[in-house]
Amino acid sequence: MERKKNIKVSEEEIGIQGSYMKQVKSLNTPDEKKFIVQTFGCQMSESDGERMAGMLAEMGYAPAEQVEEADVIVFNTCCVREHAEKKILSRLGQLKQLKEKNRELVIAFGGCMAQQPHVVDKIKKSYRNVDIIFGTHNIHVFPELLYRVITGHKLVAEVPDIEGVVVEGLPVMRKEGLKAWVNIMYGCNNFCSYCIVPYVRGRERSRDPEDILKEIRQLAEEGYKEVTLLGQNVNSYGLDVESGMTFAGLLREVNSIDGIERIRFMTSHPKDFSDDLINAAAECGKVCEHIHIPFQSGSTRILEKMNRRYTKEQYLGLIQKIRKAVPEVSFTTDIIVGFPGETEEDFLDTLDVIEKVGFDLVYTFIYSKRTGTPAAEMPGQVEDSIKKDRFDRLLNLVYKIVEENNHTMIGKIEEVLVESKSRNNPKILTGRTRTNKIVNFAGDESLIGRSIDVKIVSQHKWYLAGELL
Ligand code: 5AD
Ligand code: SF4
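First things first, this report covers the structure right here in the doc. (Residues numbered from 1 in each chain as written. Chains lettered and ligands numbered in written order. Predicted model: local features only at pLDDT ≥ 70, side-chain atom pairs only at ≥ 80, totals over all residues. Heavy atoms only, no water.)

So, on to the layout of surface pockets. There is about 620 Å³ of room inside the second largest pocket. Ranked by residues supplied to the lining of the second largest pocket, first place goes to helix 8 (residues 209-221) with five residues. Classifying every residue of the lining of the second largest pocket gives 10 nonpolar, five polar and 11 charged. (1 Å grid on protein atoms, 1.4 Å probe; cavity = no way out; pocket = protein on both sides within 12 Å on 5 of 7 lines; lining within 4 Å. Points joined across faces, edges and corners; volume = space filled by probe spheres on them. Helix = DSSP H or I, 4+ residues; strand = E, 2+ residues; numbered from the N terminus. Nonpolar A, V, L, I, M, F, W, Y, C, P; charged D, E, K, R; others polar.)

A separate point is the sheet that holds strand 15 (residues 413-421). Whether parallel or antiparallel, the strands of a sheet pair through hydrogen bonds between backbone atoms. Ordered in space as 15-16-17-19-18, the five strands form a closed barrel in which the pairing is mixed. Direction aside, neighbouring strands of the sheet carry axes that sit 50° apart on average. Pairing of strand 15 with strand 18 (residues 451-459), which is carried by five bridges, proceeds in the antiparallel orientation. Across the sheet, residue Glu414 finds its bridge partner in strand 18, namely Val454. (Pairing = 2+ DSSP bridges. Axes fitted to C-alpha atoms, helices over the stretch in contact; angles between N-to-C directions.)

Okay, empty space enclosed by the protein next. If a probe the size of a water molecule is rolled over the atoms, the empty space left behind becomes visible. Enumeration according to the criterion identifies two cavities of 30 Å³ or more in this entry. There is about 120 Å³ of room inside the largest cavity. Lining the largest cavity are Asp48, Arg51, Thr136, His137, Asn138, Ile139, His140, Val165, Val167, Tyr186, Arg201 and Arg205. Its residues assigned to classes, the lining of the largest cavity comprises four nonpolar, four polar and four charged.

The next subject is the site of ligand 2. Around ligand 2, the neighbouring residues are Cys188, Asn190, Phe191, Cys192, Tyr194, Cys195, Val197, Pro198, Gln232, His269 and Arg308. The class makeup of the residues in the shell around ligand 2 is seven nonpolar, three polar and one charged. (Near = heavy atom within 4 Å.)

Counting 71 residues, the largest nonpolar core has Leu229, Phe247 and Leu250 as the members making the most contacts within it. Here the element with the most residues in this core is helix 14 (residues 384-407); it accounts for seven residues. Once you skip the residues sitting within four places of it in the chain, Leu229 turns out to touch Val182, Ile184, Ile216, Val234, Phe247, Leu250, Leu251, Val254, Ile263, Arg264, Phe265 and Met266. (Core = buried A, V, L, I, M, F, W, Y, C linked by side-chain atoms within 4.5 Å. Buried < 20%, exposed > 50% of the residue type's maximum accessible area, 1.4 Å probe, protein only. Contact = heavy atoms within 4.5 Å.)

Taken together, Val80, Arg81, Tyr194, Gln296, Asp334, Ile336, Phe365, Ile366, Tyr367, Ser368 and Arg370 make up the full set of residues adjacent to ligand 1. Separating an oxygen atom of ligand 1 from a side-chain N or O atom of Gln296 is a distance of 2.7 Å. One of the side-chain N or O atoms of Asp334 is found 2.6 Å from an oxygen atom in ligand 1. In isolation ligand 1 has 410 Å² of accessible area, and contact with the protein removes 86% of it. Elements with a contribution of two residues or more to the shell around ligand 1: strand 13 (330-337) and strand 14 (361-366). Along the lines of polarity and charge, the residues of the shell around ligand 1 split into six nonpolar, two polar and three charged. (Polar contact = N/O pair within 3.5 Å; in protein donor to acceptor, adjacent residues only side chain to side chain. Areas by Shrake-Rupley, 256 points an atom, 1.4 Å probe, with all protein chains shown as cover.)

Remember, this is a structural readout, not a statement about activity or role.
The following block contains the structure:
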């Protein structure tokens, strides 16, 4: 059988962008110019932002702390919910004064919002301070767009309407030296009826396993201890390319890389969580006992309208199965309240799942209508006051359960990967358990970067306090 391949951007194209990077760099020298990338949204967006920052650093720009100091400002945007979009546009509007003060300032607008034609029209019409518009599918051409703007000073907008590509070999500027995001795939094929992501990020494209493993080996050499494998639905990794590598297989490979101590992954779609993956999670010592597995709604009726392709019972069955294989596992999830047609009874099903699973963290979202998605046209849009009331009740239950779970941790000894000094108190160190809970404890900063045993002594709303053993 002919092997399907992902659509990789050619080395030649990456080379061309490399020469644009050099040209921009020579234009910048000897001045010290600065950049800031403002990222909004999920970890995929964070990861894109790290590549944008990597390219800017390669072009001779140094990171700025504030927008006021920057010569290039990049808005790396998110369009999952309307509220976030509005906030981003208002922040973009505020940059007008900076542009008036500094005509040389370059403002770039990229990410998921820029992948929507109506947003691009709006930016072109009403946000004249923007110089570059680029989409999620072509962040690799950013050096060329920047070069064109700084040499010609005209708006350049390039938002390709394509299914998407896989880009390798771009420089990455990661924020810290201990934990790294590693994209293993891009895009999504699921078309949950409320979600805009498949429209702005294109179809699923898996990176080649060799490219991923090479990147992780490199990270291990640089001293990174933890990797989080990223994708909209990591469970379907490899299915689009027939490389023979599944997500479970990839986990086993990453598990054998020396130097990497912890492996995390997100996001998992319940419908694709295979038995082989459960086995891999159980048998790979470095795979952490934490699984982020969004259920969105506890009502089978609503799940069907959401096009999630599992029932409440199947979800609960999966949780049980994972728990049996990985007894210490901690679950976190995403929930939407107020999906069109959601009744009080449906909502009670959601509360029921939260209680039955006992999540350690729940990302709760109020349903937001996204133009172009099927749910936006569905009858029975829920009134704002009802959404708000359900949201508050949901949060109260989540707080109660998180607190109960944290109480059971008191007295236990946990392996903590020490990340940094606490922001509020330099005598306190902060790190995370394998189950991804934050632990604060008194200790010497020489422990940063090490995995050590800490005894949990008390629980606070969002963290545990511990004592060094
Ligand atoms: N409204 C509210 N929440 C949404 N999400 C995705 N689309 C919407 C929407 N239209 C939430 C889902 C998803 C998380 C990343 O964002 O819970 O898992
Ligand atoms: Fe959106 Fe569903 Fe894809 Fe997640 S799996 S990105 S919620 S369409």
